[in-house]
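Here's the letter readout for the chains.
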Amino acid sequence: MSTAASHKIAYALARRSSSSSTIIAKRTFATAISNANSNPPYKSPLKPFFDNISKNQTTSGLNNTDAVMPEPEYLKCGIRRDALRFKANHFPHLNLPPFIHTDEHKVTLLLELRYIPFQNNMERELLIEMAGKGGRVITLYNGKHQLIQMSSTKFASRIENMRYLTALVERLMVCVKGLAKEGDDFYHSGKVHEVLEEVTYL
């Protein structure tokens, strides 16, 4: 095949491809025009979204004056659940069995005393004394607030240790309120000794 013939074939293929792209472009443009002039007129699916913005509303129907945050959850002892802070550490895997660090599942609970609904000062002093058996009562840097710090490695799961520490706080509060209200009668019931044993061996 000569060079002139190959140039003619290439020119014909180029014209064919350009004409097909022009037809596609015209077809797409014509479709868009027909949609704009259709009856009934085109409605954007995003129109409700922008209407809510102009009305200061969200897609859930709330306006700017409604509360977005859910109501706080409380433990049975009256402490807000979001007042409990938990700390955990992650360690790299070991080369030798059991391949997991001994403190991998350790969870530390931090609870400021200002979030605990004490009925009187006696309950506060009792809780500090009981929690100090195994945990620590720390005074913060400003000297105004105190917090209880307790750690648990009883279970091989961080979630279970979190649940255990939460339940232990509730049991501590039951003992504190019982001691402050009933005194020696509640102390000799045996509940205080059980909680103290668990707190001591944390």
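Our subject is the structure listed above.
Source: prediction; values computed, not measured.

It is worth spelling out the overall build of the protein at this point. A tally of regular secondary structure across the protein gives six helices and four strands. Tracing the protein from N to C terminus, the helices and strands come up as α-α-β-β-α-β-β-α-α-α. Scored against the burial criterion, the 202 residues of the protein give a buried share of 23%. Nonlocal contacts in the protein, meaning residues at least 24 apart in sequence, comprise 56% of its contacts between residues at least 6 apart. Counting every atom, the protein has about 14,900 Å² of accessible surface; 57% of that belongs to carbon and sulfur.

As a further point, take the pattern of salt bridges. Applying the stated criterion to the full structure yields eight salt bridges. Arg 81 is the partner of Glu 73 in a salt bridge, and the nearest nitrogen-oxygen pair spans 3.5 Å. In this structure Arg 81 comes out as partly exposed when scored by relative accessible area, which is 41%. Across the pair Glu 160 and Arg 163 runs a salt bridge, and its minimum N-O distance is 3.2 Å. Linking Glu 160 with Arg 163, this pair stays in helix H4 (residues 158–182), spanning three residues, or about one helical turn. For Glu 160, a relative accessible area of 32% corresponds to the partly exposed category. Judged by relative accessible area, Arg 163 falls into the exposed class, the value being 54%.

Here we come to empty space enclosed by the protein. In the structure shown here, the tally under the stated rule is one cavity of 30 Å³ or more. By volume, the largest cavity amounts to about 60 Å³. Of all the secondary-structure elements, those providing two or more residues to the lining of the largest cavity are strand E2 (107–112), helix H3 (121–131), strand E4 (146–152) and H4. Taken together, the residues of the lining of the largest cavity sort by class into eight nonpolar, no polar and no charged.

In the contact formed by H3 and H4, the axes pass within 9 Å of each other and the chain directions differ by 130°. Considering the angle they form, H3 stands oblique to H4. In the crossing of H3 with H4, the sense of the turn from one axis to the other is right-handed. Across the interface between the two elements, Met 122, Glu 123, Leu 126, Leu 127 and Met 130 of H3 pack against Leu 172, Met 173, Cys 175, Val 176, Lys 177, Leu 179 and Ala 180 of H4. For the contact of H3 with H4, the residue count by class is 10 nonpolar, no polar and two charged.

A full pass over the atoms with the stated rule returns two aromatic pairs. Summarising the aromatic geometry, the rings of Phe 49 and Phe 50 are spaced 5.4 Å apart at their centres and angled 75° between planes, so their arrangement reads as edge-to-face. Ring centres 5.9 Å apart and planes at 70° place the aromatic pair Phe 155 and Tyr 164 in the edge-to-face group. On the accessibility criterion, Phe 155 (34% relative accessible area) is partly exposed. With relative accessibility at 13%, the residue Tyr 164 sits in the buried group.

About the thresholds
Residues numbered from 1 in each chain as written. Predicted model: local features only at pLDDT ≥ 70, side-chain atom pairs only at ≥ 80, totals over all residues. Heavy atoms only, no water. Helix = DSSP H or I, 4+ residues; strand = E, 2+ residues; numbered from the N terminus. Buried < 20%, exposed > 50% of the residue type's maximum accessible area, 1.4 Å probe, protein only. Contact = heavy atoms within 4.5 Å. Areas by Shrake-Rupley, 256 points an atom, 1.4 Å probe, with all protein chains shown as cover. Salt bridge = Lys/Arg side-chain N within 4 Å of Asp/Glu carboxyl O. 1 Å grid on protein atoms, 1.4 Å probe; cavity = no way out; pocket = protein on both sides within 12 Å on 5 of 7 lines; lining within 4 Å. Points joined across faces, edges and corners; volume = space filled by probe spheres on them. Nonpolar A, V, L, I, M, F, W, Y, C, P; charged D, E, K, R; others polar. Axes fitted to C-alpha atoms, helices over the stretch in contact; angles between N-to-C directions. Parallel < 35°, antiparallel > 145°, perpendicular 65-115°, else oblique. Left-handed = near helix turned anticlockwise from the far one by under 90°. Phe/Tyr/Trp six-rings, centres within 6.5 Å; stacked < 30°, edge-to-face > 60°.

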